[in-house]
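Summary of the model geometry
One letter stands for each residue in the lines below.
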Amino acid sequence: MNQNLDNFNEITECGVCHTKEYTAFLKDGIFSINKCSQCTTHWVTPRLKPEKLKDIYQTIYWKSDSPKDLGYDDYLRQDKLYQKTFSRRFKNLIPFLSKLTTTQKKVLDIGCSNGVFLSMMQKKGWKGVGLDISEYIIEQAQKTRAHEDLEFRSGYLHEKVAEKEKFNLITMWDVIEHVEDPIGILKQINVRLNPGGLLVLETQNINSFFAKLLKRSWHHFKHFEHIYHFNETALRNMLENTGFNIKSISTANSGKYIEGKFLIERSQRVLPKFLHGLVKTCLGGFQHTTFYANMHDEYIIVAEKTE
Ligand SMILES: [Zn+2]
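Residues numbered from 1 in each chain as written. Predicted model: local features only at pLDDT ≥ 70, side-chain atom pairs only at ≥ 80, totals over all residues.

What follows is about the overall build of the protein chain. Of the regular secondary structure elements, the protein chain holds 11 helices and 15 strands. Viewed in the frame of its principal axes, the protein chain has a C-alpha envelope of about 55 × 50 × 35 Å. Within the protein chain, the proportion of its 307 residues that are buried is 34%. Considering only contacts within the protein chain whose residues lie at least 6 apart along the sequence, 71% involve residues at least 24 apart. (Helix = DSSP H or I, 4+ residues; strand = E, 2+ residues; numbered from the N terminus. Buried ≥ 20, exposed ≤ 12 C-beta atoms within 10 Å, placed from the backbone. Contact = placed C-beta atoms within 7 Å.)

Here's what the structure looks like:
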């Protein structure tokens, strides 16, 4: 990635509560992570300027030469893995979805990528709208799912979904840490939910065991794209201040199906060279074998609209 500082802005205050007081948390190359003294949100500085930030989500993001720094190895090829992950997660959402007071099933997935989550939801009887700022991945979604009754839109929430368009469920899987104004988007989501509607969001936990153990080698430190890191306190504050009541916050169901290849690639990031070589030799024959892995370093939150 181009680290020309002309492409970046220095961030001097917390993007959640706008406090200017912070403590230095981590330094990694040109990047620093600071922790807000007020709300404990962690933010990355410098940050790509808004237009440059949007640019990174085009083609290379989805098939990246260096996924440990940016994007995915090959997102579209791993469709089956994401299907399995979301099917498993859906089962854990059933107790919450079954309590919705309306029988109308309408879901908005923000950061929908190629629509894999919505495709699964449609099979469960939900009508879906997918939104992503990546024009490239929305084109892929429209092509791949042309025969499914789904709608995909490219752009930002406030531009592409009218306030009067209401949903019973809005989801954001691994998205809020990429958003420049987290409070702004949560307020926009609240307006677009029916009374009692649910927000489900997933994001990494900077207070987790693995974040503390791996320090700057933690796989969620991808400074171009993960511009915020949260812990439970920060997440609770944000949601309670934007009109939500948290029904569940847990790492229990946030695992993912991955291939052996992914473990080999990530071990390169955290292990000394000889140990990485050992992992590569041992797992070499399992590159395309599927595993379910949960490092308990990501939260899934279910929150209900209260106002
Ligand atoms: Zn703050």
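Past the structure itself, the notes keep going.
What follows is about the nonpolar core. In terms of nonpolar packing, the biggest core is built from 63 residues, with Leu-108, Ile-170 and Leu-199 touching the most fellow members. In this structure, Leu-199 is in contact with Ile-170, Ile-189, Leu-193, Phe-244 and Ala-303, ignoring residues within four places of it in sequence. (Core = buried A, V, L, I, M, F, W, Y, C linked by C-beta atoms within 7 Å.)

Our next topic: the sheet that holds strand S3 (residues 31–36). Pairing is antiparallel in the open sheet, where 4 strands are placed in the order S2-S3-S4-S11. Strands with a single pairing partner mark the edges of an open sheet, and in this sheet they are strand S2 (22–28) and strand S11 (228–229). In this sheet, S3 lies alongside S2 in antiparallel orientation, the contact comprising 6 bridges. The residue bridging Ala-24 from the neighbouring strand is Asn-34, located in S3. (Pairing = 2+ DSSP bridges.)

Taking strand neighbours across the sheet as the criterion, the 7 strands line up as S8-S7-S6-S9-S10-S15-S12 in an open arrangement whose pairing is mixed. Since the sheet does not close on itself, it has two edges, and those belong to strand S8 (150–154) and strand S12 (244–250), each with one partner. Geometrically, the sheet is characterised by an average inter-axis angle of 15° between neighbouring strands, direction not taken into account. With 3 bridges connecting them, strand S6 (residues 106–110) and strand S9 (residues 167–173) associate as parallel partners. Paired with Val-107 across the two strands is Leu-169, which belongs to S9. Seen against the sheet, helix H9 (residues 232–240) touches S12 and strand S15 (298–305) and runs at an angle of roughly 155° to S12. (Axes fitted to C-alpha atoms, helices over the stretch in contact; angles between N-to-C directions.)

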